Each structure stands twice: as C-alpha cells, then as structure tokens.
Amino acid sequence: GDLIVRVRVANDKNWRRDGINLHTTVNVSIFDCLLGSKVQIRTLEDKRLELNIPKGSQPTATFSIPGHGMPDMRTGQRGNIFVKLNAIVNNIDDPNILMDIERIRDALN
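To keep things clear, this report deals only with the structure shown in the data block. From a predicted model like this one, the values you see are computed outputs, not experimental measurements.

**Description of the pairing of strand β3 (residues 37–42)**
Turning to step 1, where the next piece is worked out: Of the two faces of β3, the one lined by S37, V39 and I41 is fully buried and the one lined by K38, Q40 and R42 carries no buried residue.
Turning to step 2, where the next piece is worked out: By the bridge criterion, six bridges tie β3 to strand β4 (residues 48–53) in an arrangement that is antiparallel. Residue pairing across strands places I41 opposite L49, the latter belonging to β4.
Turning to step 3, where the next piece is worked out: The hairpin turn running from β3 into β4, its antiparallel successor, is five residues long, and D46 in that turn takes a positive phi close to 65°.

Set out below in structure tokens:
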C-alpha cells in the first residue's frame, strides 16, 4: 500500500515563513537608526548572524540576509532572511539631554 505522511509546521512567534524566505522583526533604538549599529540575528538553526544597520536607516527599514532562509527541498538552494526594523523611542528624562536633542532638531529644520 501507499504511505501517506502529513507534516505540520509549527508557527514561531519570532518568524514568519514565505516559501523559502523567512521574515522577522528586531527592536532597535531610534539612535541605532540615526547613528548606525550592528545587531545579532539568531537563525532557526541557532546560528548567529550580524546585521549591519547603516546610519540614517529609516525606523521601519527591511534588510535582506541572502542564503540563510529555508532550504528548497528540490534544489537545495536556501532562501533569504528579511529583517524589519522596529525603532523604539527611548524615554529621556534628563533635561540637559533633552535640550541637546532640541538643538539638534532645530539645526536640522
């Protein structure tokens, strides 16, 4: 007789699958977007990748990490990981820092 196998893939709260591509979101400071930064991305296989966030990145920018998504079972080719930024605005209570930020804002306008 025939063997019928049914596979269910569990959802993960940090990842969304789109074919062989994976999507995730990472929280960063608004200052990371302004000044540039590096963040660690941990793959589903527990491999650590470093993503470079260039200075001036928009708060909801999406970056691609090629070749680290899911493997295509027919070709062996791997998809990409797409990382979307979610910029968090820090709560700043120090009046001196707030005045400095106001001066920067005014100089840019």
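**A word on the nonpolar core**
Turning to step 1, where the next piece is worked out: Counting residues in each nonpolar core, the largest one holds 17 residues, and the members touching the most others are V28, I41, L51, I65, I81, V83 and L85.
Turning to step 2, where the next piece is worked out: Within the residue set of this core, elements represented by two or more residues are β2 (21–29), β3, β4, β5 (62–65) and β6 (81–88).
Turning to step 3, where the next piece is worked out: The contact partners of L51, leaving out residues within four places of it in the chain, are S37, K38, V39, I41, F63, I65 and V83.

**Here we look at the sheet that holds β2**
Turning to step 1, where the next piece is worked out: Taken together, four strands build an open sheet; the order of strands is β1-β2-β6-β5 and the sheet is mixed. Edge strands, defined here as strands with exactly one partner in the open sheet, are β1 (16–18) and β5. The average undirected angle you get between the axes of adjacent strands in this sheet is 30°.
Turning to step 2, where the next piece is worked out: Bridge count for β1 against β2 is three bridges, and the pairing is antiparallel. Note on β2: the bridge partner recorded for D18 is N21.

**So, the pairing of β2**
Turning to step 1, where the next piece is worked out: Hairpin geometry of β1 and β2 is characterised by an intervening segment of two residues between the two adjacent antiparallel strands and by a positive phi of about 65° at G19.
Turning to step 2, where the next piece is worked out: In this structure, β2 lies alongside β6, joined through eight bridges in parallel fashion. Paired with N27 across the two strands is N86, which belongs to β6.

**As for a nonpolar patch on the surface**
Turning to step 1, where the next piece is worked out: Residues F31, L34, L35, I97, L98 and I101 make up a contiguous nonpolar surface patch of roughly 530 Å² in combined accessible area.
Turning to step 2, where the next piece is worked out: Within the residue set of the nonpolar patch, elements represented by two or more residues are α1 (30–35) and α2 (95–108).
Turning to step 3, where the next piece is worked out: Of the residues examined, I101 reaches a relative accessible area of 32% and is grouped as partly exposed.

The rules we used
Residues numbered from 1 in each chain as written. Predicted model: local features only at pLDDT ≥ 70, side-chain atom pairs only at ≥ 80, totals over all residues. Heavy atoms only, no water. Buried < 20%, exposed > 50% of the residue type's maximum accessible area, 1.4 Å probe, protein only. Helix = DSSP H or I, 4+ residues; strand = E, 2+ residues; numbered from the N terminus. Pairing = 2+ DSSP bridges. Core = buried A, V, L, I, M, F, W, Y, C linked by side-chain atoms within 4.5 Å. Contact = heavy atoms within 4.5 Å. Axes fitted to C-alpha atoms, helices over the stretch in contact; angles between N-to-C directions. Patch = residues over 30% accessible without salt bridge, like charges linked within 9 Å, V, L, I, M, F, W, Y side chains within 5 Å. Areas by Shrake-Rupley, 256 points an atom, 1.4 Å probe, with all protein chains shown as cover. Salt bridge = Lys/Arg side-chain N within 4 Å of Asp/Glu carboxyl O.

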